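Residue strings, one per chain:
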Amino acid sequence: MIFLKSGILTSIQDIGRCGFKDKGINPSGAMDTLSMRLLNILLGNEDTEAVLEFHYPTPTITFEEHALFAIGGANFSGSLNNKNISNWKVHEAKPGDMLSFGKKINGERAYIAIKGGFNLKKSLGSSSTNLLGGFGGKKIEKGDSLDLNLKNGQLFAATKKVSLAPKTVNVNLRPAFEQNQEIRVIAGKDLSNLDLESRNKIFNQSFIISSHADRMGYRLEGDCLNLQSSDEQISSSVAFGTIQLLPDGQLVILMADHQTTGGYPKLGNVISVDLPILAQLSVGQHVTFREISMEVAESVFLKQEREMKKFKSAVQLYL
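Here is a short report on the structure shown in this document. Given the structure is predicted, the values throughout are model-derived calculations rather than measurements.

### Describing the overall build of the chain
A count of helical and extended segments in the chain gives five helices and 21 strands. Its C-alpha atoms give the chain a radius of gyration of 20 Å, near enough to 20 Å, the size a compact globule of 319 residues would have. If you line up the chain on its principal axes, its C-alpha atoms span 65 × 35 × 35 Å. Sequence separation of at least 24 residues holds for 76% of the intrachain contacts in the chain that already meet a minimum separation of 6. Just so you have it, the chain exposes about 14700 Å², and 50% of that area is on carbon and sulfur atoms. Across the chain, the centroid of the 35 positively charged side chains sits 8 Å from that of the 33 negatively charged ones.

### What to know about empty space enclosed by the protein
Tallied over the full model, the rule gives one cavity of 30 Å³ or more. Size it by volume and the largest cavity reaches roughly 50 Å³. If you go around the largest cavity, the residues you meet are Val185, Ile186, Ala187, Leu191, Ile202, Phe203, Ile243, Leu267, Gly268, Phe289 and Glu291. Among the elements of the structure, strand S13 (180-187), helix H3 (196-204), strand S20 (266-270) and strand S21 (286-291) are those that each provide at least two residues to the lining of the largest cavity. Considering every element that reaches the lining of the largest cavity, the biggest residue donor is S13, with three residues. A per-class count over the lining of the largest cavity returns nine nonpolar, one polar and one charged.

### Here's the deal with the environment of phenylalanine 301
With respect to the helices and strands, the residue phenylalanine 301 is situated in helix H5 (residues 294-316). Residues phenylalanine 301 and leucine 275, 26 residues apart in the sequence, show an inter-C-alpha distance of 11 Å. Residues contacting phenylalanine 301, with those up to four places away along its chain left out, are Ser272 and Val273.

### What to know about the sheet that holds strand S9 (residues 98-101)
In space, the five strands of this open sheet follow the order S1-S4-S9-S6-S7, with antiparallel pairing throughout. The open sheet has two free edges, formed respectively by strand S1 (2-5) and strand S7 (83-84), since each of these has just one partner strand.

### Brief notes about unusual backbone geometry
Cis peptide bonds are those with omega within 30 degrees of zero, and the linkage from tyrosine 56 to proline 57 qualifies with 5°. Relative to the helices and strands, proline 57 is located in the loop between strand S3 (51-54) and strand S4 (60-62). Of note in this structure, asparagine 81 is not a glycine but carries a positive phi near 55°. In this structure, asparagine 81 sits in the loop between strand S6 (78-80) and S7. Here the phi dihedral of leucine 124 falls at roughly 55°; this positive angle occurs in a residue that is not glycine. Mapped onto the elements of the fold, leucine 124 is located in the loop between strand S10 (106-114) and strand S11 (129-130).

### Description of the pattern of salt bridges
Tallying each qualifying case throughout the model produces 15 salt bridges. Among the ionic pairs, lysine 23 bridges to aspartate 22, the shortest N-O distance being 3.6 Å. Since its relative accessible area comes to 64%, aspartate 22 is described here as exposed. Lysine 312 serves as the salt-bridge partner of aspartate 47, at 3.9 Å between the closest nitrogen and oxygen. With aspartate 47 in the loop between helix H1 (33-43) and S3 and lysine 312 in helix H5, this pair connects stretches of sequence that are 265 residues apart. Note on aspartate 47: relative accessible area 11%, which makes it buried. You can call lysine 312 partly exposed: its relative accessible area is 28%. One continuous salt-bridge network, built from bridges that share partners, spans Arg37, Asp47, Glu305 and Lys312.

### Focus on the nonpolar core
What tends to happen in soluble globular proteins is that the nonpolar side chains get buried as a cluster. Judged by nonpolar contacts, the single largest core of 46 residues is most densely connected at Ile202, Leu251 and Phe289. Among all residues touching isoleucine 202, those that are not within four sequence positions of it are Leu191, Leu194, Phe207, Leu225, Leu251, Leu267 and Phe289. Judged by nonpolar contacts, the second largest core, of 25 residues, contains Ile12, Phe63, Ala110 and Leu148.

Reading guide: rules and limits
Residues numbered from 1 in each chain as written. Predicted model: local features only at pLDDT ≥ 70, side-chain atom pairs only at ≥ 80, totals over all residues. Heavy atoms only, no water. Helix = DSSP H or I, 4+ residues; strand = E, 2+ residues; numbered from the N terminus. Rg over C-alpha atoms; globule rule 2.2 N^0.38 Å. Contact = heavy atoms within 4.5 Å. Areas by Shrake-Rupley, 256 points an atom, 1.4 Å probe, with all protein chains shown as cover. Lys, Arg positive; Asp, Glu negative; His and termini not counted. Charge placed at Lys NZ, Arg CZ, Asp CG, Glu CD. 1 Å grid on protein atoms, 1.4 Å probe; cavity = no way out; pocket = protein on both sides within 12 Å on 5 of 7 lines; lining within 4 Å. Points joined across faces, edges and corners; volume = space filled by probe spheres on them. Nonpolar A, V, L, I, M, F, W, Y, C, P; charged D, E, K, R; others polar. Pairing = 2+ DSSP bridges. Salt bridge = Lys/Arg side-chain N within 4 Å of Asp/Glu carboxyl O. Buried < 20%, exposed > 50% of the residue type's maximum accessible area, 1.4 Å probe, protein only. Core = buried A, V, L, I, M, F, W, Y, C linked by side-chain atoms within 4.5 Å.

Don't take any of this as a statement about function, it's just geometry.
Structure follows, in structure tokens:
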């Protein structure tokens, strides 16, 4: 495939580069791992296969060979040869076909998965693009091309099988899009150090996603929060979804390209099931937090994984 337009921050991402934080290398990976996994499952790929992550304005792509693909995550009104196509369905492209996008309907990040994946080299076990380090997959520029793993001879045999798979991804499995979004969090070590007023505020007010929101982190706007004591913090490990209290009393949620350590107070962590939802929220949207226990978070995660396995089994019946 050739990129006639690169779009805004189009890159190769997969599940992420794990196990290297002690060396200062962040995981990177897809912001919305749920959409990435669902699209790969729909196509019969391993659910961790690398995909294209892109934003609005979008890329324009010409296919050089036959390909089966699916689009999901944000809805940017995709079209193939100027004919509208739907998210969450398998589509076939032929050499010379052009994939483009129109109006932004909802969401912030869309994904394109290809049957068989892309022909990419892995760096430290992952194809994800590390934008800060400048290694891994690829940040797409105008005129770039990507080779596909699937060869033409294999494509036609695969087409008949995949086209018989479930026609779409169940709505209940897809990331939700709400204007006022509740995000569930597990308490962090410094939550109890908030003064009483601030402890009430964090769970009883609506925060706004500021314009300082990207793959590294989302800064939130709301009433200032204060600690009971302001002892110097020791830098320690942080994760995708860590909620930190900044010196100005505002919050930041660390996202996929987060640093590996941080010294700001850690008030909590967004549960893994809600991270893909958070990744699809836009600047200006409202977020509220609800504290849940580790046990409830694990239960929610296991329930989602059971549904993913059911979906995978349904697809594999036709492969």
